[in-house]
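Residue-level listing of the chains:
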Amino acid sequence: QGAGGLTMKVFWRSSKSGMEERLRTLSQFHQGFLVCFVETDGSVSIGVRHKRTGHIQLVPQIRFTSTDKALLDYTFSLLGPLAKRWESIGQPDNPKRRRTMYTVELSGIGPVSAFLEVLGCCLIGRKERGDLVLRYCHLRMGNFHKPYSTEEKELVVQIKNLNHKGGKYGGQYPWKGVLGD
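Residues numbered from 1 in each chain as written. Predicted model: local features only at pLDDT ≥ 70, side-chain atom pairs only at ≥ 80, totals over all residues. Heavy atoms only, no water.

A few words on the side chain of Arg126. For Arg126, the location among the structural elements is in the loop between α4 (109-119) and α5 (127-140). Within the buried set, Arg126 has no salt-bridge partner at all; the shortest N-O distance to an opposite charge, 5.2 Å, is to Glu39. Within the structure, the side chain of Arg126 is placed 2.9 Å from the backbone oxygen of Gly42, a separation counted as a polar contact. Dropping the residues within four chain positions of it, Arg126 is found in contact with Val38, Glu39, Thr40, Gly42, Ser43 and Val44. (Helix = DSSP H or I, 4+ residues; strand = E, 2+ residues; numbered from the N terminus. Buried < 20%, exposed > 50% of the residue type's maximum accessible area, 1.4 Å probe, protein only. Lys, Arg positive; Asp, Glu negative; His and termini not counted. Salt bridge = Lys/Arg side-chain N within 4 Å of Asp/Glu carboxyl O. Polar contact = N/O pair within 3.5 Å; in protein donor to acceptor, adjacent residues only side chain to side chain. Contact = heavy atoms within 4.5 Å.)

Pasting the structure below:
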């Protein structure tokens with residue numbers, strides 16, 4: 001049981017249903033805007049949070065990133081209170097990070113699964129990642145405090161490999177030991 005006597009499952013249902021309702025009531029234009037943003041300057045992935053206890057937490061995420069603050073403010077207004085936003089200040093002396101980047105993120109099982117259940121069918125380039133992240137969300141939904149299963153770990157590695165295919169890691173994410181393998 002969590003704060004106020006609510007179980008995590010109740011929180012997920014409420015955050016998921018609230019996000020689903022919000023996304024379903026958007027116009028087709030706004031739904032298309034969010035899908036296109038994810039496809040071009042966004043990501044669908046599993047993030048790793050290192051807890052103070054030494055444990056890791058694998059968190060589903062959908063991120064929207066741009067150097068245009070007005071665009072991200074607009075995106076944030078569409079997604080509502082379950083979204084988070086921040087900025088990464090530019091570094092003038094670093095040629096790769098001269099400009100300030102703005103990010104809006106959905107994270108956690110409820111908001112991410114709601115987004116993918118409502119708009120995931122419209123994804124094209126990120127479709128496979130979206131399907132894998134949604135599968136991960138469904139597996140974890142009732143098992144929040146249990147150890148990660150073999151299937152969940154395999155999904156995370158598949159997602160990470162898709163996100164880095166041909167990139168810095170050549171399709172292999174350096175996770176040795178992170179997932180207990």
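Here we take up the nonpolar core. Nonpolar side chains in soluble globular proteins tend to be buried together. Core analysis: the largest hydrophobic core is formed by 41 residues, its most contacted members being Leu23, Leu34, Ile62, Phe64 and Phe115. In terms of residue count, α4 provides more of this core than any other element does, seven residues in total. (Core = buried A, V, L, I, M, F, W, Y, C linked by side-chain atoms within 4.5 Å.)

Another point: the packing of aromatic side chains. Considering all chains together, one arrives at four aromatic pairs under this definition. Centroid distance Phe33 to Tyr74: 5.4 Å. Interplanar angle 80 degrees. Geometry classified as edge-to-face. A residue pair is termed long-range when its members are at least 10 positions apart, and Phe33 in helix α2 (residues 28-41) and Tyr74 in helix α3 (residues 69-79) qualify at 41 residues. Look at Phe64 and Phe115: their rings are 6.3 Å apart centre to centre, the planes differ by 75 degrees, and that puts the pair in the edge-to-face class. You can see Phe64 sitting in strand β2 (residues 56-66) and its partner Phe115 sitting in helix α4, a full 51 residues away along the chain. Each member of the pair, Phe64 as well as Phe115, carries the same accessibility label: buried. Geometry around Phe76 places Arg85 over its ring, the cationic atom sitting 3.9 Å from the centre. (Phe/Tyr/Trp six-rings, centres within 6.5 Å; stacked < 30°, edge-to-face > 60°. Lys NZ or Arg CZ within 6 Å of the ring centre and 35° of its normal.)

With that settled, the discussion passes to the packing of α2 against α3. In the contact formed by α2 and α3, the axes pass within 11 Å of each other and the chain directions differ by 120 degrees. One element, α2, and the other, α3, form an angle in the oblique class. In the crossing of α2 with α3, the sense of the turn from one axis to the other is left-handed. Contact residues: α2 offers Phe29, His30, Phe33, Leu34 and Phe37, while α3 offers Leu71, Leu72, Tyr74, Thr75, Leu78 and Leu79. Residues that form the contact of α2 with α3 fall into these classes: nine nonpolar, two polar and no charged. (Axes fitted to C-alpha atoms, helices over the stretch in contact; angles between N-to-C directions. Parallel < 35°, antiparallel > 145°, perpendicular 65-115°, else oblique. Left-handed = near helix turned anticlockwise from the far one by under 90°. Nonpolar A, V, L, I, M, F, W, Y, C, P; charged D, E, K, R; others polar.)

Looking now at the pattern of salt bridges. Where charged atoms of side chains with opposite charge meet at close range, the side chains can pair. Scanning all chains against the criterion turns up six salt bridges. As a salt-bridge pair, Lys127 and Asp131 come within 3.4 Å of each other at their nearest N and O atoms. One end of the pair, Lys127, and the other, Asp131, are both in helix α5, four residues apart, so they sit about a helical turn from each other. Residue classification places Asp131 among the partly exposed positions, given a relative accessible area of 40%. Its salt-bridge partner being Arg140, residue Glu152 comes within 3.0 Å of it at the nearest N-O pair. Taken together, the residues span a long stretch of sequence, with Glu152 in helix α6 (residues 150-163) and Arg140 in helix α5 at a distance of twelve residues. The exposure class assigned to Glu152 is buried, which follows from its relative accessible area of 3%. Linked through salt bridges whose partners overlap, the residues forming this network are Lys69, Asp73 and Arg85.

Further remarks concern the sheet that holds strand β3 (residues 84-88). One open sheet accounts for four strands, arranged β1-β2-β4-β3; its pairing is antiparallel. With one partner strand each, in any of the chains shown, β1 (42-50) and β3 form the two edges of the open sheet. Here the strands of the sheet are splayed against their neighbours by 35 degrees on average, with no regard to which way each runs. Direction of pairing for β3 relative to strand β4 (residues 101-107): antiparallel, over a ladder of five bridges. Looking at β4, one finds that Glu87 is bridged to Tyr102. The strands that α2 touches are β1 and β2; relative to β2, the one it contacts most, it runs at about 100 degrees. Packing against the sheet, α4 makes contact with β2 and β4, and its axis sits at approximately 50 degrees to β2. (Pairing = 2+ DSSP bridges.)

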